[in-house]
Amino acid sequence: MGVSEIKDESALQSLLSSASNQLVVLHFSAAWAPQCKQMNEVMEELSKDSQYNNVQFAKLEAEDVPEISEKYEITAVPTFIFIKNKSQVDRIDGAKAADLTKKVKLLCSGQGGVPPPAEDKKPVQDLNTRLKNLINSAPVMLFMKGDPEQPRCGFSRQITQLLKERGIKFSSFDILQDEEVRQGLKTYSNWPTYPQLYANGELIGGVDIVKELIESGELEAQLPKQTSLEDRLKGLINKSDVMLFMKGDPDTPRCGFSKQTTSILADTGVKYDTFDILSDEEVRQGLKKYSNWPTYPQLYVKGELIGGLDIIKELKESGELESVLKGQ
């Protein structure tokens, strides 16, 4: 059947009406995003599969149809919206080829579209503490869609380019990787959109504010003075008595070693702070040289390197870990 192209609201309504109770898959994409091209190819292949003859596949340029994008709350590309009987039944955010194939198959068989059981929400105080820690994890912190090397929306791409052009060092957090942070920060900062730029823990604003500050020559005055990498690393290492440099954070570790480490530390009951080295390439590479330790995670106690997961396991097995963490 192939993939149709939707260019306006009337074309969309015509598609939904003709589909009746058939499954409709809408791909909100952008020509500038390579991951969208890849997912278009995946969708083209699905449309050729005979088992999906009753599925209507369509693609839309998200930035060309802002009203439709707003209606379906499209905040990044690629995003896939699944519709039956003119009602949305599911969605996928991101370039997840396997998930797309699986979801189409499930919805065709009538097994999909059922919302998952509600999970217990974490205490608001815990989330606010986490947000505060993230905001203050770097002197200049950008919450964006994607990362500086691969922004996943036009506004995020613009703001990273503006900061880079002026030689401003910043860390970033990909809000597409954490829905709790994505929604929570809007309330915490009373700022409904992304990207969001912070300096010394204070909100500067989004891309429009940054542009205005650049035009008025005030941006640099709003940002902290740039410190040397060595001074910055010393500050991070001594941020807390027990400091863990890891991939991700304790709630969402992003590698097996980091997950094991946080699990072991949690069992001790000793409080510790963390830094996500995936959010800052300068820290990630610089700390390896500074500490002469080539891998992550890295655990520090009172500014001194303890080691990585293997060392932590050895200390646990010998019964010394808790006393080491307490600096005894």
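Relevant structure appears above.
Residues numbered from 1 in each chain as written. Predicted model: local features only at pLDDT ≥ 70, side-chain atom pairs only at ≥ 80, totals over all residues. Heavy atoms only, no water.

Engineer: For this particular structure, what's the right way to read the packing of helix H10 (residues 229-237) against helix H12 (residues 281-291)?
Structural biologist: Packed helices, taken two at a time, are described by the angle between their axes plus the distance between the axes. The interhelical angle for the contact between H10 and H12, taken along N-to-C directions, is 85°, at an axis separation of 10 Å. The orientation of H10 with respect to H12, classified from their angle, is roughly perpendicular. Contacts between H10 and H12 involve Leu 229, Glu 230, Arg 232, Leu 233, Lys 234, Leu 236 and Ile 237 from the first element and Glu 282, Val 283, Gly 286, Leu 287 and Tyr 290 from the second. Split into classes, the residues belonging to the contact of H10 with H12 amount to seven nonpolar, one polar and four charged. (Axes fitted to C-alpha atoms, helices over the stretch in contact; angles between N-to-C directions. Helix = DSSP H or I, 4+ residues; strand = E, 2+ residues; numbered from the N terminus. Parallel < 35°, antiparallel > 145°, perpendicular 65-115°, else oblique. Contact = heavy atoms within 4.5 Å. Nonpolar A, V, L, I, M, F, W, Y, C, P; charged D, E, K, R; others polar.)

Engineer: Quick question: what am I supposed to make of the packing of aromatic side chains here?
Structural biologist: Both the distance between ring centres and the angle between the ring planes are used here to describe each pair of aromatic rings. Per the stated rule, a full pass over the model turns up five aromatic pairs. Relative to Tyr 72, the ring of Phe 28 lies with its centre 6.1 Å away and its plane at 50°, an arrangement referred to as tilted. Placement of the pair is Phe 28 in strand E2 (residues 24-29) and Tyr 72 in the loop between helix H3 (66-71) and strand E4 (79-84), with a sequence separation of 44 residues. Centroid distance Phe 245 to Phe 275: 5.9 Å. Interplanar angle 45°. Geometry classified as tilted. Taken as a pair, Phe 245 in strand E12 (residues 242-246) and Phe 275 in strand E13 (residues 273-276) lie far apart in primary sequence, 30 residues in all. When sorted by exposure, Phe 245 lands in the same class as Phe 275, which is buried. Chaining the aromatic ring pairs together yields one cluster made of Phe 143, Phe 173 and Tyr 198. The ring of Trp 32 is capped by Arg 157, whose NZ or CZ atom sits 4.1 Å from the centre of that ring. (Phe/Tyr/Trp six-rings, centres within 6.5 Å; stacked < 30°, edge-to-face > 60°. Buried < 20%, exposed > 50% of the residue type's maximum accessible area, 1.4 Å probe, protein only. Lys NZ or Arg CZ within 6 Å of the ring centre and 35° of its normal.)

As far as function goes, none of this settles anything; it's purely spatial.
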